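Reading the structure
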Amino acid sequence: MAIKRGLSGGIIHRKKSNGPHFSVVVLVLLSCLVFSILFVGSGLWSSSATDQINFSTSSSKQDLRWRERLALQHLKSLFSREVMDVIKANTDDLGPLSLDSFRMNNLSSSWNFVGREISAGKNTTSAQSKEVAAYTKRESSGGEQEDTFHEDHSNFFESPAKLARRVKKRREKRAANLVKQDDDVIVKLETAVIERSKSVDSAVLGKYSIWRKENENENSDSTVRLMRDQVIMARVYISIARMKNKLDLAHVLQNQLKESQRALGEAAADSELNHSAPEKIKSMGQVLSKAREQLYDCKLVTGQLRAMLQSADEQVRSLKKQSKFLSQLAAKTIPNGIHCLSMRLTIEYYPLPPEKRKFPRSENLENPHLYHYALFSDNVLAASVVVSSTIANAKEPEKHVFHLVTDKLNLGAMNMWFLLNPPGKATIHVENVDEFKWLNSSYCPVLRQLESAAMKEYYFKSAHPITFSAGSSNLKYRNPKYLSMLNHLRFYLPQVYPKLDKILFLDDDIVVQKDLTGLWLVDLHGKVNGAVETCGESFHRFDKYLNFSNPHISSNFDPNACGWAYGMNIFDLNVWKEKDITGIYHKWQNMNEDRVLWKLGTLPPGLMTFYGLTHPLEKSWHVLGLGYSPSVDRSEIENAAVIHYNGNMKPWLELAMTKYRPYWTKYVKSDHPYIRSCKLSE
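First, a word on scope: everything that follows refers to the structure included in this document.

What counts and what doesn't
Each chain has its residues counted from 1, following the order in which its sequence is written. pLDDT decides what is reported in this predicted model: residues at 70 or higher carry local features, side-chain atom pairs at 80 or more are listed and counted, and totals for whole chains, interfaces and linings draw on all residues regardless. The basis for every side-chain value is the complete set of heavy atoms in the structure, and neither hydrogens nor water enter the calculation. Only buried residues count toward a nonpolar core. Its members are Ala, Val, Leu, Ile, Met, Phe, Trp, Tyr and Cys residues joined through side-chain atoms within 4.5 Å. Think of it in three bands: residues with accessible area under 20% of the maximum for their type are buried, residues over 50% are exposed, and the middle band is partly exposed, with areas taken using a 1.4 Å probe on protein chains only. Secondary structure elements are defined from DSSP: runs of H or I of at least 4 residues count as helices, runs of E of at least 2 residues count as strands, and each element is numbered from the N terminus. Any pair of residues with heavy atoms lying within 4.5 Å of one another is described as a contacting pair. Between the rings of Phe, Tyr and Trp (Trp by its six-membered ring), a pair exists once the centres lie within 6.5 Å; its type follows the angle of the planes, with under 30 degrees stacked, over 60 edge-to-face, and the other angles tilted. Strand pairing is assigned whenever DSSP detects at least two bridges linking the two strands. Throughout, an axis means a line fitted to C-alpha atoms (over the contacting stretch in the case of helices), and angles, computed between N-to-C directions, take values from 0 to 180 degrees. When a carboxyl oxygen of Asp or Glu is within 4 Å of a side-chain nitrogen of Lys or Arg, the pair counts as a salt bridge. Here a polar contact is recorded for every N or O atom pair within 3.5 Å, except that within protein the pair must consist of a potential hydrogen donor and a potential acceptor, and residues adjacent in sequence are included only if both atoms are side-chain atoms.

By size, the foremost hydrophobic cluster in this structure holds 62 residues, and its most contacted members are Leu 341, Leu 404, Leu 504 and Leu 516. The element best represented in this core is helix α14 (residues 380-392), accounting for eight residues. Not counting residues up to four positions away in its chain, the partners in contact with Leu 341 are Val 380, Leu 381, Trp 417, Tyr 674, Ile 675, Cys 678 and Leu 680. Phe 557, Trp 564, Phe 571 and Leu 607 belong to the second largest nonpolar core, which has 44 residues in total.

Given below as structure tokens:
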């Protein structure tokens, strides 16, 4: 008989040195194991996998006791007292017989353990318990009777009914634990979802909620999409039919295509479709089915779809160019409301006697201790916003002096507006650029170039492409503002204001939100121009504006030099004169007569003229992009001293971005009768 696994796989031999006692020891061991398995060691019974011993349950407890007494009598006659003490110690509580018991009781050295090592103490007991449990599970799954331990080890044999009840209870307990775990997981998930929902913006949730009426049906426009798909496939099959000379089928497809397009119209949703749409879908489906049977060729269909995609792409490009052209054209035009305002003011101004055309406090115009502003504009409404916003945020309005320069056409309107709406205690003066007699073609390169035949050809002749696609790329450079000296007057500030030390230049598309007197206290460190740099983005560096393929540019400038912005610039006019800034400007302007150094505009020559002579200001002084970028941070706008609507989307145009417009309209005198009559307050 093999040794039981309950002995943890160890094989017991007697050492050969004990001679004739070998057979007696083996007999004692075998007898001990057999009787222990039968009546005592349930752990040995449950752990054996090789020798299956099938016990029969006795009908009464008396029969069991009789067997025990008989076995004990035989054991006493066979075993020594030392062995009986070990057996008794392991069977008092009906626990399993363990080899550890032999080792702990210091048996004779004739006992030798061969095989895998047996862990001491609790590890052995734990391993044996796991083996017992595994064996019990195997026995119960086979439907046979099994022996299990009570917690008090009071019974060795169990009836099938009792065993079934025990297994059922275990299963119920396990099921209850699993249900409890599932409930805990669900609670955790619900809690996480609730916390997540708290972080969702309710406004956004309302905008994109799946419970909105228009989203009740996730395929609300499925019919429209189906009809569009049918139209596309009809066009594909028409092309293939003509290619294969099946003109009758192509004619049928063409007629059905027209019917479907008529039913589809401009519909974007199913609710907008014509009532005849279902019938057209059915008819088109039948024709397409017939065409598929006769014409379908995977390669041809793929080719036609690719051709249609390329054609659509070209159309999109063309439309983009048209859109760009029209937006630029709209940006360069004067709205009817502003034209109306200018006309009304001009009519009111010229009948005034000369004494009523003068502004008060003219003595402040050349006082270098005051805060002077230069504003060159032909837009009455825009200029009024610049002046009113500056005064509204000034701490000492009486110390501010505004020098406005406009053209002859808008001189009367500009004067009349500020006569009717004086800027409080501030000083204002309006001049006509055409009255600057020193500003002529012999002195100013720009005026001389504008009189040249090449420039006239560029601006005025009809030989230039006038189509949307051809003209859009050059339209921005043929902007009429480049023909006006108002745009180039910024390079002649010392000549216009010879008695001033510093002046703040402002564009007419800005809004002032804070007191600007701090700019006069900024130390420019010997530089001429104080400006906010714009090189946070790569396209605002010099190589964006200048032609670095020209040796005059590449040898004098760094292509990665940081650009800066016009619109709000503090100029030191004394250093300007020392550095002869106007002379530097004339030099570069003369070299660019053929527009080989830069395109038209004032920023490129400004970057070149003030190269190395510009002091960077804090970005909060001047925030740009409100005329083209929808992503300007709101906090930056609100914290800025000046906000600039540079770009095509000026705040007085319908093109303006609505979210930026209120910053400008708050300074428009919407209650003024001329503003209301010209519908500029709408």
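The next point concerns unusual backbone geometry. If you check the backbone angles, Arg 361 has positive phi at about 60° while not being a glycine. Within the secondary structure, Arg 361 sits in the loop between α13 (336-349) and β3 (371-376). One non-glycine residue with positive phi stands out, namely Asp 580, at about 50°. With respect to the element layout, Asp 580 can be found in the loop between α23 (573-579) and α24 (581-591).

This part covers the packing of aromatic side chains. Per the stated rule, a full pass over the model turns up 23 aromatic pairs. Look at Tyr 492 and Tyr 585: their rings are 6.1 Å apart centre to centre, the planes differ by 90°, and that puts the pair in the edge-to-face class. Highlighted residues: Tyr 492 in the loop between α19 (485-488) and α20 (493-496) and Tyr 585 in helix α24, separated in sequence by 93 residues. In this structure, Tyr 492 and Tyr 585 share a single accessibility class: buried. Relative to Tyr 566, the ring of Trp 564 has its centre 4.9 Å away and its plane inclined at 75°; by these criteria the two rings are edge-to-face.

Looking now at the side chain of Ser 629. Within the fold, Ser 629 resides in the loop between β11 (622-623) and α26 (634-639). What makes Ser 629 buried here is its relative accessible area of 13%. Ser 629 has contacts with Met 657 and Tyr 660, leaving out every residue within four places of it along the chain.

Ordered in space as β5-β4-β3-β6-β9-β8-β10, the seven strands form an open sheet in which the pairing is mixed. Where the open sheet ends on each side, the last strands, each with one partner, are β5 (427-432) and β10 (614-616). Across the sheet, the mean angle separating the axes of adjacent strands is 25° when strand polarity is ignored. Each of β3, β4 (400-406), β5 and β6 (502-506) touches α14; the most contacted strand, β4, lies at about 175° to it. Strands β4 and β5 of the sheet are contacted by helix α15 (residues 411-420), whose axis makes an angle of about 170° with β5.

The next subject is the sheet that holds strand β7 (residues 510-512). Spatially, β7-β12-β11 is the arrangement adopted by the three strands of the open sheet, whose pairing is mixed. The two strands at the open ends of the sheet, each matched to only one other strand, are β7 and β11. Bridge count between β11 and strand β12 (residues 642-644): two bridges; the pairing is parallel. Each residue of the ladder has a partner; that of His 622, found in β12, is Val 642.

For the rest of this paragraph, the subject is the pattern of salt bridges. One pass over the structure, following the stated rule, counts nine salt bridges. The shortest N-O distance in the salt bridge between Lys 280 and Glu 259 comes to 3.0 Å. On the criterion of sequence distance, the pair formed by Lys 280 in helix α11 (residues 277-295) and Glu 259 in helix α10 (residues 247-264) is long-range, its members being 21 residues apart. Using a relative accessible area of 18% as the deciding quantity, one classes Lys 280 as buried. For Glu 259, a relative accessible area of 30% translates into the label partly exposed. Among the ionic pairs, Glu 314 bridges to Arg 317, the shortest N-O distance being 2.6 Å. Here Arg 317 and Glu 314 lie together in helix α12 (residues 298-332), a separation of three residues that amounts to about one turn. Note on Glu 314: relative accessible area 48%, which makes it partly exposed. Residues joined in a network through salt bridges with shared partners are Glu 259, Arg 262 and Lys 280.

On to the side chain of Arg 490, then. Topologically, Arg 490 is positioned in the loop between α19 and α20. Its relative accessible area of 7% is what places Arg 490 among the buried residues. Here Asn 487 takes part through its backbone oxygen, which lies 3.1 Å from a polar atom of the side chain of Arg 490. If we ignore the near neighbours within four places in the chain, the residues touching Arg 490 are Phe 376, Phe 505, Asp 507, Tyr 566, Trp 576 and Thr 602.

Spatial relationships are all this shows, so hold off on functional conclusions.
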